[in-house]
Amino acid sequence: MTAAVHVIKPGLLTTIQDRGRWGHQAAGVPVSGPMDPFSHRVANALVGNGADAATLEVTLLGPELEFEDERLVAVSGARFDVWVDSDRVPSETSVVVQRGSRLRFGRRAGGARAYVGISGGITVPEVFGSRATHVLTKMGGLNGRPVAAGDRIPLGGHGNEVPGDRRSARAGHRIGSSRDRERPEEVRVLAGPNQEFFAGDAFDILQAGPFLVTPDSDRMAYRLDGPSLARVRGGDIISDATPMGTLQVPPSGRPILLMADRQTTGGYPKIATVITADIPKVGQLAPGDSVSFRLCSTRDALAALISQERVLMALEGRS
Amino acid sequence: MTPFRVVAAGDSALVVEFEERIDPAINAEVVAVARRLSDAPVAGVRDLVPAYRALTVYFDPLSTDYQELTRRIEEAVSAPPDTASAQGERVRIPVCYGGEFGPDLEEVAAFGRMSPAEVIGLHTSTTYRVFMLGFVPGFAYMGRVDDRIAMPRRDTPRVRVAAGSVGIAASQTGIYPMEAPGGWRIVGRTPIRTFDERLTPPCRFKAGDAAEFFEIDRQEFDRFDESAQR
């Protein structure tokens with residue numbers, strides 16, 4: 001039997017995620033995947049995994065995990081106090097966890113979601129080519145649900161990385177979680193795809209903000225509270241696809257930011273879409289945080305994405 | 001050439017929009033363009049999502065040649081019309097109407113000022129186009145429903161609608177592939193599993209298919225159910 005990690009305590013919402021279930025949205029199958037794809041990939045890179053490996057996404061309150069064999073482990077994303085047995089270990093750095101040792105999460109200092117990369121990756125069965133957990137449709141992960149106490153999470157083989165090849169992501173690579181929590185997170189958006197549904201001043205209001213992430217927010221979507229975004233056209237659009245990061249506006253004028261577990265299609269007009277490079281920032285928001293939006297150009301969006309990719313490729317040893 | 005435009009949805013998706021109407025001919029364009037782009041894939045494209053009047057093309061901006069993608073989209077739109085063999089399949093769906101399986105059948109009958117049997121007659125005498133899938137895996141949006149029974153959604157959606165439930169929402173009809181919350185008027189239930197990730201293909205429908213319903217009674221439903229589980 002392949003080695004595994006045992007779940008002693010599950011944390012608030014800990015799910016197995018990989019890059020997502022792409023290629024099946026035409027059948028209505030949601031993409032899912034990490035809320036902060038950057039930190040997910042950092043966690044994999046730090047332990048020598050490929051970008052397609054599955055990690056654990058930890059939400060607000062972390063788990064306690066016991067390892068059946070020696071593994072290289074890294075925690076990336078939200079800033080948590082992390083312990084291996086009685087030793088405090090740095091995050092954004094790979095550490096060797098011995099057979100029988102426990103990885104524990106303590107206090108959270110910033111950000112909402114951390115990713116646990118484990119050398120060899122998590123090897124639950126793929127559903128439609130992905131291990132990503134989508135709770136609503138019960139797909140992926142462990143029978144489509146968050147991990148629970150007593151679970152045994154299967155791990156893949158991990159080659160020669162343990163214990164030699166340690167890596168660390170330097171400060172500044174961290175996304176979002178080191179910001180001043182009193183100030184809104186600034187996120188860049190591109191206008192559209194349904195900008196003709198909105199008055200010109202709706203874009204001023206969108207950029208003035210700020211918007212509060214309400215408690216009614218989860219992996220599917222963030223419901224935002226703030227100034228109302230007025231429409232110039234009544235009614236809804238004829239339903240079409242709903243990319244991650246789109247800000248859809250129901251008749252109430254209160255925008256809804258669509259996230260990883262969103263439905264594949266929707267009927268509310270979409271005023272703007274968060275650029276791919278800023279999705280990780282949004283994925284680190286928790287209820288009670290605030291966010292502001294700033295329009296940018298496609299050129300800026302791509303430049304930001306390319307500089308992020310350079311950081312990731314360097315970490316992956318591909319630069 | 002068919003009027004269309006390409007709109008960006010962020011930096012990783014393009015929406016190919018046709019005329020803003022729910023119309024089988026327009027939807028046929030969407031389905032045809034999706035098929036052409038999937039038959040000869042463009043490097044970097046991650047997903048193609050056909051909807052009523054728009055096709056969304058998801059791509060990885062770091063590995064996609066944007067000029068090439070837009071050129072290929074234009075080519076796919078202007079390609080000559082499909083032959084009949086490229087059209088969708090015909091799918092026949094057994095439905096046990098009314099009773100505990102169709103709690104809203106009486107209301108739809110009252111809405112149409114007719115008997116429940118006449119509602120069933122109208123619902124089963126139409127061939128519906130599958131315009132798109134969405135909401136949950138395998139949920140097909142089909143139309144159009146005869147105007148006389150095209151009752152709008154419930155004001156308050158149900159928290160749970162059973163798997164297999166067949167509903168009406170104004171001019172649309174559809175089947176819940178799994179238990180889900182929903183506001184459609186439920187008139188019956190099918191014993192067929194319309195989505196099962198263990199089957200190939202997992203989904204009974206795809207956009208562009210033609211669907212027909214036929215009535216079965218409770219006994220046939222139960223027998224069907226048993227044989228399907230065996």
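Just so you know, these numbers come straight off a predicted model, no measurement behind them.

### What about the pattern of salt bridges?
Considering all chains together, one arrives at 45 salt bridges over all chains under this definition. In this structure, R72 of chain B and E68 of chain B form a salt bridge, with 4.0 Å as the shortest nitrogen-oxygen distance. Here the residue R72 of chain B and the residue E68 of chain B both occupy positions in helix α2 (residues 66–78), the gap between them amounting to 4 residues, near one helical turn. Overall, the relative accessible area of 14% leaves R72 of chain B in the buried class. Through salt bridges that share partners, K9, E64, E66 and R102 of chain A make up one connected network.

### Comments concerning the packing of helix α1 (residues 24–39) of chain B against α2 of chain B
Residue and element names in this part refer to chain B. Two elements in contact, α1 and α2, have axes separated by 9 Å at closest approach and are oriented at 130°. With respect to α2, the axis of α1 lies oblique. Classified by chirality, the crossing of α2 by α1 is right-handed. Here α1 contributes E29, V33, R36 and L37 to the contact with α2, which in turn contributes R72, I73, A76 and V77. Here the contact of α1 with α2 is built from residues that sort into 5 nonpolar, no polar and 3 charged.

### Examining the packing of helix α1 (residues 37–46) of chain A against helix α4 (residues 298–315) of chain A
Residues and elements named next belong to chain A. Two numbers describe how α1 lies on α4: the axes approach to 9 Å, and their chain directions differ by 20°. Comparing the axis directions of α1 and α4 gives the class roughly parallel. Remark: the crossing between α1 and α4 carries left-handed chirality. Facing α1, whose interface residues are F38, R41, V42, A45 and L46, α4 presents Q308, E309, V311, L312, M313 and L315. For the contact of α1 with α4, the residue count by class is 8 nonpolar, 1 polar and 2 charged.

### Considerations on the pairing of strand β7 (residues 140–143) of chain B
Residues and elements named next belong to chain B. By the alternation rule, side chains of β7 split into A140 and M142 and Y141 and G143, which are all buried. When strand β6 (residues 128–133) meets β7, the two strands line up antiparallel, connected through 4 bridges. Looking at the pairing, R129 lines up with G143 of β7. The pairing of β7 with strand β10 (residues 172–175) spans 2 bridges and is antiparallel. Residue G143 lies in a different strand from β10, and its bridge partner there is Q172.

### A closer look at the sheet that holds strand β17 (residues 270–274) of chain A
All names here are of chain A. One closed barrel holds the 7 strands; their spatial order is β10-β17-β14-β15-β12-β11-β18, and the pairing between them is mixed. Each neighbouring strand pair of the sheet contributes to a mean axis angle of 40°, computed without reference to strand direction. The pairing of strand β10 (residues 185–191) with β17 spans 3 bridges and is classified as antiparallel. Paired with V189 across the bridge in β17 is V274. Sheet strands touched by helix α2 (residues 200–208): β10, β11 (211–213), β14 (246–248), β17 and β18 (290–295). Its angle to β18, the strand with the most contacts, is close to 135°.

### Focus on unusual backbone geometry
The residue after G192 of chain A, namely P193 of chain A, is reached through a cis peptide bond having omega 20°. Take P193 of chain A: it is sitting in the loop between β10 and α2. Cis geometry is adopted by the peptide bond preceding P201 of chain B, which originates at T200 of chain B and carries an omega value of -5°. Here P201 of chain B lies in the loop between β12 (185–189) and β13 (210–215). One non-glycine residue, K138 of chain A, adopts positive backbone phi at about 55°. Tracing the chain through its elements places K138 of chain A in the loop between β8 (102–118) and β9 (152–154). The phi dihedral of N143 of chain A is positive, around 50°, even though this residue is not glycine. The residue N143 of chain A is located in the loop between β8 and β9 in this model.

The rules we used
- Residues numbered from 1 in each chain as written.
- Chains lettered and ligands numbered in written order.
- Predicted model: local features only at pLDDT ≥ 70, side-chain atom pairs only at ≥ 80, totals over all residues.
- Heavy atoms only, no water.
- Salt bridge = Lys/Arg side-chain N within 4 Å of Asp/Glu carboxyl O.
- Helix = DSSP H or I, 4+ residues; strand = E, 2+ residues; numbered from the N terminus.
- Buried < 20%, exposed > 50% of the residue type's maximum accessible area, 1.4 Å probe, protein only.
- Axes fitted to C-alpha atoms, helices over the stretch in contact; angles between N-to-C directions.
- Parallel < 35°, antiparallel > 145°, perpendicular 65-115°, else oblique.
- Left-handed = near helix turned anticlockwise from the far one by under 90°.
- Contact = heavy atoms within 4.5 Å.
- Nonpolar A, V, L, I, M, F, W, Y, C, P; charged D, E, K, R; others polar.
- Pairing = 2+ DSSP bridges.

By themselves, these figures tell us nothing about what the structure is for.
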